[in-house]
Amino acid sequence: MSNRVVNILVPVISVILGLLVGAIVMLVSGYDPVQGYVALWNGIFGDTYAIGETIRQITPYLLAGLSVAFAFRTGLFNIGVEGQLLVGWFAAAYVGIAFDLPMYIHLPFAIIAAALAGALWAFIPGLLKAKLQVHEVIVTIMMNYIALHTTNALIKVVSDGGDNTGTINATASLKSAFFESITDYSRLHYGIFIALAMVLLMWFLLEKTTTGYELKAVGFNKHASEYAGMNVNKNIILSMVISGAFAGLAGAMEALGTFQYANVKGGFTGIGFDGIAVALLGANTPLGVIFGAVLFGSLKYGALNMPNEAGIPVEIVSIVIAIIIFFVACGYVIRYFLEKANKKKEAK
């Protein structure tokens, strides 16, 4: 059994085990797991509206997962995706309401503003890591809270004390009349194409460019990279900036596509933190992130149907997701048993 096959089987088995343990949790809690999973399935694929909303939910998870995965692949732990998403969300919404431009200028402007805002928010921990060796985990976690309260304050300033910025101009919107017409007026928007394009961009950057090679090399061994003549500090900062840009784009999907505004938030959205699990489930690869985002986005949206159809609280799905993450984190155990079974098969 090749290493590639094992790498594919580990997350698949983790998901299956997570669903099985989730069924046991439902039984112990007095719920019917068959009805629960049927309701979950219907919530994801029950009709065209559900399918549209599921894909819409997957979109920001794709970009949040890419953000975390890119940092991991280059030796960094970007736990600040949530904060970078929030500043990107605000930047996109602000550009969307503050300017009156043709769509071919306004929409790219808003998207780029979100990416730049996320990149700038990630630049700070990158700079501190490169210059002062301050661990990026600590800085990015703290900056999540700074982002939350800063964007809330800015929204109040922009809206003269209100709770949201107001609806963005149509010229900055990612809404799709075509998608609405085929999905029974769901909020599915053109942002899914941007997210998929970023998957290709990450793959191309890491696998086909000299810059990507240097970023991975510095993450693998910065001392050897420095000996080879690479600028370690520059690559650390660049890695965080690119990771932050992906996160900022995730915020743009919410501002320009799903909600069409930025609002004051009482807490985190959770998308940035779930991006960590998406990246881990996808083994920090672009293709794997698609798999992880599809799974998490589907579970998150489909869970909303479980209380209505089966009387099962949505928290059960959160337990299932947590169990899946647990099994992914314990992937080395699954890998051990797979390799052991393969050796027995070869011995026969």
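Data block above holds the structure.
The rules behind these values
- Residues numbered from 1 in each chain as written.
- Predicted model: local features only at pLDDT ≥ 70, side-chain atom pairs only at ≥ 80, totals over all residues.
- Heavy atoms only, no water.
- Helix = DSSP H or I, 4+ residues; strand = E, 2+ residues; numbered from the N terminus.
- Rg over C-alpha atoms; globule rule 2.2 N^0.38 Å.
- Buried < 20%, exposed > 50% of the residue type's maximum accessible area, 1.4 Å probe, protein only.
- Contact = heavy atoms within 4.5 Å.
- Areas by Shrake-Rupley, 256 points an atom, 1.4 Å probe, with all protein chains shown as cover.
- Patch = residues over 30% accessible without salt bridge, like charges linked within 9 Å, V, L, I, M, F, W, Y side chains within 5 Å.
- Salt bridge = Lys/Arg side-chain N within 4 Å of Asp/Glu carboxyl O.
- Polar contact = N/O pair within 3.5 Å; in protein donor to acceptor, adjacent residues only side chain to side chain.
- Core = buried A, V, L, I, M, F, W, Y, C linked by side-chain atoms within 4.5 Å.
- 1 Å grid on protein atoms, 1.4 Å probe; cavity = no way out; pocket = protein on both sides within 12 Å on 5 of 7 lines; lining within 4 Å.
- Points joined across faces, edges and corners; volume = space filled by probe spheres on them.
- Nonpolar A, V, L, I, M, F, W, Y, C, P; charged D, E, K, R; others polar.

### Overview of the overall build of the chain
Scanning the chain from N- to C-terminus turns up 16 helices and 0 strands. Relative to the globule expectation of 20 Å for 348 residues, the C-alpha radius of gyration of the chain, 21 Å, shows essentially globular dimensions. With the principal axes as the frame, the chain shows a C-alpha extent of 70 × 60 × 35 Å. The proportion of buried residues among the 348 residues of the chain is 51%. Nonlocal contacts in the chain, meaning residues at least 24 apart in sequence, comprise 78% of its contacts between residues at least 6 apart. Carbon and sulfur atoms make up 68% of the accessible area of the chain, which amounts to about 16200 Å² in all.

### What about a nonpolar patch on the surface?
Residues I8, V12, I16, L20 and F291 make up a contiguous nonpolar surface patch of roughly 440 Å² in combined accessible area. If one sorts the elements of the nonpolar patch by residue count, helix α1 (residues 3-28) sits on top with 4 residues. Position of I8 among the secondary structure elements: in helix α1.

### Observations concerning the environment of F72
Here F72 is to be found in helix α3 (residues 48-73). It is 9.6 Å that separates the C-alpha atoms of F72 and I276, two residues lying 204 residues apart in sequence. Not counting residues within four places of it along the chain, the set of residues in contact with F72 comprises F77, L280 and N284.

### Some words on the environment of N78
Among the secondary structure elements, N78 is positioned in the loop between α3 and α4 (81-98). Counting along the chain gives 223 residues from N78 to Y301, while the straight-line C-alpha distance between them is 25 Å. Ignoring any residue separated from it by four or fewer positions in sequence, one finds N78 in contact with S67, V68, A71, Q84, T140, M240, S243 and G244. In terms of polar contacts, N78 uses its side chain to reach the backbone amide nitrogen of G80, at 3.0 Å. One polar contact links N78 to Q84, side chain to side chain, over a distance of 3.0 Å.

### Concerning the side chain of S239
Looking at where S239 falls in the secondary structure, it is placed in helix α11 (residues 232-258). A residue is classified by how much of its surface remains accessible, and S239, at 1% relative accessible area, is buried. If near-sequence neighbours (up to four positions away) are discounted, S239 is found in contact with F70, A71, T74, L76 and L215.

### Concerning the nonpolar core
Of all hydrophobic cores here, the largest spans 84 residues; its most connected members are L62, L63, L66, F70, L256, M306 and I324. Sequence-distant contacts of L256, that is, excluding residues within four places in its chain, are made with A92, L107, A110, I111, I168, A172, S173, L174 and K175. Ranked by size, the runner-up nonpolar core spans 11 residues in total, among them V218, V232, I236 and M240.

### Section: the layout of surface pockets
Of the pockets and cavities examined, the largest pocket occupies roughly 450 Å³. Forming the boundary of the largest pocket are 19 residues, of which I8, G282, T285, L287 and G288 lie nearest the centre. Looking at the lining of the largest pocket, the elements that each hand over two or more residues are α1, α8 (191-208) and α13 (286-302). Looking at side-chain class alone, the lining of the largest pocket contains 12 nonpolar, 4 polar and 3 charged residues. Considering only enclosed or pocket space, the second largest pocket measures out at about 310 Å³ in volume. As for the second largest pocket, its lining consists of 16 residues, and the residues nearest its centre are Q57, Y61, T269, I271 and K300. Elements represented by at least two residues in the lining of the second largest pocket include exactly α3, α12 (271-281) and α13. Considering each element in turn, the lining of the second largest pocket owes the most residues, 4 residues, to α3. A per-class count over the lining of the second largest pocket returns 7 nonpolar, 4 polar and 5 charged.

### A closer look at the pattern of salt bridges
Overall, the coordinates contain 8 salt bridges when judged by the stated rule. Its salt-bridge partner being E53, residue R56 comes within 2.7 Å of it at the nearest N-O pair. Remark: E53 and R56 occur in helix α3; sequence separation between them is 3 residues, near one turn of the helix. Here R56 falls in the buried class, since its relative accessible area comes to 5%. Measuring nitrogen to oxygen at the nearest pair gives 3.5 Å for the salt bridge that ties E207 to K216. The partly exposed category is assigned to E207, whose relative accessible area is 39%.

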